[in-house]
Every structure is written in C-alpha cells, then in structure tokens.
Amino acid sequence: MPSNASRERWLEGRPFRGARWVAVVLSQLVQVPLIGWVIVSLPAGWPLVAAILAFASSYLLLLVGRWPGPVLVAVAALTAPAILGFTVGPPVAAVPLAFAVVAATVRGARIWAWGTVAVASIVAIAVSILSVRGPSVRVVILLLVLCLLIGVGEAIRNRRARIASYRADLERRRRTEAERERLRIARELHDVLAHSLSSINVQAAVGLHLIEDDPHQAAEALANIKETSKSALDEVRGVLGFLRSGMDADETAPLRPDPQLSRLPALVDSLRSPGLAITLDDELPGSTPPIVQRTAYRIVQEALTNVARHSSAHTARVELAAIDGHAVVTIADDGSGASGVAVREGRGIVGMRERVALLGGQITVGPAPDGGFRVAAELPLEGDR
C-alpha cells in the first residue's frame with residue numbers, strides 16, 4: 001500500500017517516488033519476448049534495430065514529468081518502426097507510447113497528444129496504401145486505443161483538478177474560520193482589557209481624590225480595583241487557555257470567557273464613581289439564550305466603558321427588556337452628545353456591530369434626541385443558537 005505522502009503527491013498531480021520507473025520496467029518486461037522472438041525467428045537487420053529502439057524508448061518515460069510533449073513525440077518516433085514493421089502478435093512495442101500518451105495528457109500537453117495521434121494516423125494510412133499487404137487492421141485498432149488513452153488521461157486530469165479545487169476550497173474555508181476565530185478572540189480581549197483598564201483608571205482617580213478626605217471610600221475604590229483586575233485576569237486567562245487548548249493549556253482554565261447577565265450588577269458597580277451614577281434595570285428572563293446574554297453583556301460593557309472614558313456624563317442608565325421576541329438593550333447617558341453630530345466609530349463600536357450582526361440583530365449608536373449618547377440593540381431571542 002502506498003504511504004500517505006505518496007497518496008498526497010499523486011492527488012496533487014506529482015508522481016510518488018519510483019512511479020516513472022514502474023512504467024519503464026513494465027514497458028520493458030512486455031518487450032523482452034519481442035526481442036527474443038526477433039533474434040530467434042528473424043534475420044539480423046532492421047527488425048532487431050526496430051525492437052531495440054522500442055525497448056530503449058522506455059527510458060524516455062523518466063523525463064515525461066519535465067517535458068511531456070517532446071517525450072511523447074520522441075517515444076512515438078522510436079516505437080513507430082516496430083509498430084508498423086511487425087504485423088504478427090500483440091503490438092507490445094506500443095506500450096511505452098501508451099504510457100507517454102496518458103502521462104502527457106494528464107500534464108496538460110493535449111496539443112502534443114492529439115498532434116502525435118494525428119501524425120501517426122497519416123503515417124499509418126500512407127504506409128498502408130504503399131504496402132502490398134493493404135491497410136493494417138491492427139494499426140487502426142492501435143490508433144483507436146491511443147485515442148481512448150487520451151480520454152483516460154483527460155479523466156485523470158479532471159479528477160485531479162476537482163480534488164485540487166476541493167482542497168483549495170477546504171483551505172479557504174479553514175482560513176476563513178481561523179480569521180473569524182481570531183476576530184472573536186480579538187473582540188473578547190478588547191472588551192475585557194478596555195473595560196477593566198477604564199474601570200481601574202476611574203477607581204484609581206476616585207481613590208486618589210478621596211484618600212485624605214474620606215479614607216473609607218478610598219479603600220473601597222482600591223478594593224474595586226483589586227476585584228476588577230482579578231476578574232480581568234481570569235477572563236484573559238480564559239482566552240489564552242482557549243488559544244492553547246490541545247497544547248500546553250492549563251486544564252483548570254475555562255476554554256472561553258462566558259459572561260452572563262448575572263454579572264451585570266458587578267460590572268455596573270465597577271464603573272460607578274462620585275462623578276458618574278449608573279442605574280440598571282434588567283427585565284430579561286432567566287431563560288434568555290446564553291449567546292444572547294453574552295452579547296448583551298459585552299454591549300453593556302463596551303457602552304459603559306465608553307461613557308467612563310470619553311463622556312462628560314453624570315448619569316447613565318442601562319435597560320434590558322424582552323419585547324416582541326427580541327432582547328432590547330439600551331444604554332443612555334446625559335453627556336455632551338448632540339443630534340446631527342457624526343459619530344466616529346472606533347474598534348469598540350465596530351465590535352458591537354459585529355456581535356449583533358452575528359445574531360441577526362440590529363444596533364443603533366449615536367446622539368440621543370434629548371441630548372446625551374445612546375446605544376440601542378435588538379437581539380433575536382429565538383432561533384438556533
């Protein structure tokens with residue numbers, strides 16, 4: 001049985017090691033009786049020369065991979081005297097020519113193959129007309145067989161082309177899946193790090209501001225920083241554990257971060273500060289699909305992080321509700337947003353749009369009609385999740 005590497009090389013149109021020698025050896029084995037018969041039964045002269053030329057043409061098959069067309073023509077020229085000269089017995093001298101025809105067709109040398117068969121037909125007709133014996137039926141049959149072998153070569157070539165196309169399509173799909181996975185991981189890391197660092201920055205500012213006047217609140221800010229950093233490290237560890245899964249991953253690390261709506265209160269608390277009051281109204285049922293919960297959590301996380309980092313808002317409200325088969329997530333603040341002002345979308349907003357699009361939902365990001373900034377997303381609650 002051929003090895004896996006040999007099968008791969010054959011499927012790609014590259015013969016495995018020693019394949020050309022197989023054709024050479026087979027061609028010579030079937031011609032050895034011809035040479036013996038010529039030596040024993042016929043006088044020395046052109047019959048022996050013709051048999052030796054046909055025998056020697058087998059070695060040209062070693063070059064068919066590099067020059068399929070010229071090798072086919074050379075093999076045809078060397079085997080022609082024996083094919084046309086010997087009128088009894090099977091045409092074993094044509095075996096190297098048969099291999100050359102198939103090999104040339106498989107490698108795309110169609111013009112060489114059909115041209116060789118056409119010239120051979122003309123020569124055979126001319127020889128038959130000039131010969132006193134008349135047309136040779138065995139030569140006509142041999143030409144028909146060569147035409148059939150061209151068809152065999154075309155079939156092999158088409159099969160290899162289909163296999164190559166399938167493999168290329170499979171590779172493209174594999175790369176697409178890898179790109180999607182990288183984007184998903186990049187979004188996770190962006191959401192985790194952007195939120196966590198923003199929360200730590202806010203709490204650190206609070207701690208520095210109150211460390212002398214209100215040490216108790218300053219201590220609470222430091223405790224929030226500790227909790228936020230611990231949570232961020234756990235989520236990053238989960239993402240890295242997923243990347244290393246199957247290699248040297250820590251088996252205790254979750255394969256992927258899985259934030260749910262039950263963690264929203266802790267998320268809101270981590271971003272509250274004396275200068276920013278955040279209210280949360282979560283009315284989504286506990287039966288909400290996990291992927292919807294995860295997407296809603298990330299949208300709230302990104303929106304509140306943007307409020308803390310980029311807005312001059314003093315209040316923000318988060319509302320989640322189930323309306324007409326959709327999970328409606330709204331985050332609004334009273335910052336400096338104004339109607340008609342173009343929104344410059346960074347990676348965070350782009351990430352939110354991609355998450356919502358994957359679920360087949362809709363999202364609106366921009367200034368609210370009554371001032372401030374508003375993020376509103378509708379996520380389907382039904383469907384195959």
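Higher on the page you've got the structure.
Below you will find a few notes about this structure. (Residues numbered from 1 in each chain as written. Predicted model: local features only at pLDDT ≥ 70, side-chain atom pairs only at ≥ 80, totals over all residues. Heavy atoms only, no water.)

Description of helix α9 (residues 264-271)
Point 1. Looking at α9, one finds that the buried residues are Leu264, Leu267, Val268, Ser270 and Leu271. Within α9, the buried residues cover an arc of 160° as seen down the axis, which keeps them to one side. (Buried < 20%, exposed > 50% of the residue type's maximum accessible area, 1.4 Å probe, protein only. Helix = DSSP H or I, 4+ residues; strand = E, 2+ residues; numbered from the N terminus. Arc of directions from axis to C-beta.)

Points about the nonpolar core
Soluble globular proteins: nonpolar side chains tend toward being buried together.
Point 1. Formed by 36 residues in total, the largest nonpolar core has its most connected members in Leu72, Leu97, Val101 and Leu146.
Point 2. For this core, the elements supplying multiple residues, two or more each, are α2 (19-41), α3 (46-56), α4 (68-85), α5 (95-106), α6 (110-130) and α7 (137-210).
Point 3. Here the element with the most residues in this core is α5; it accounts for 7 residues.
Point 4. Excluding residues that lie within four positions of it along the chain, Leu146 makes contacts with Leu97, Ala98, Val101 and Val117.
Point 5. Residues Ile278, Ala313, Met352 and Ile363 belong to the second largest nonpolar core, which totals 33 residues. (Core = buried A, V, L, I, M, F, W, Y, C linked by side-chain atoms within 4.5 Å. Contact = heavy atoms within 4.5 Å.)

Some words on the packing of aromatic side chains
Point 1. In the structure shown here, the tally under the stated rule is 0 aromatic pairs.
Point 2. The lysine or arginine in question, Arg66, covers the ring of Trp67, its NZ or CZ lying 5.4 Å from the ring centre. (Phe/Tyr/Trp six-rings, centres within 6.5 Å; stacked < 30°, edge-to-face > 60°. Lys NZ or Arg CZ within 6 Å of the ring centre and 35° of its normal.)

What to know about the environment of Ala313
Point 1. When you line up the elements, Ala313 lands in the loop between α10 (290-310) and β2 (315-323).
Point 2. Sequence separation between Ala313 and Asp334 is 21 residues, and the spatial gap between their C-alpha atoms is 5.1 Å.
Point 3. With sequence-adjacent residues up to four places away left out, Ala313 is seen in contact with Gly275, Leu276, Val307, Asp333, Asp334 and Gly335.

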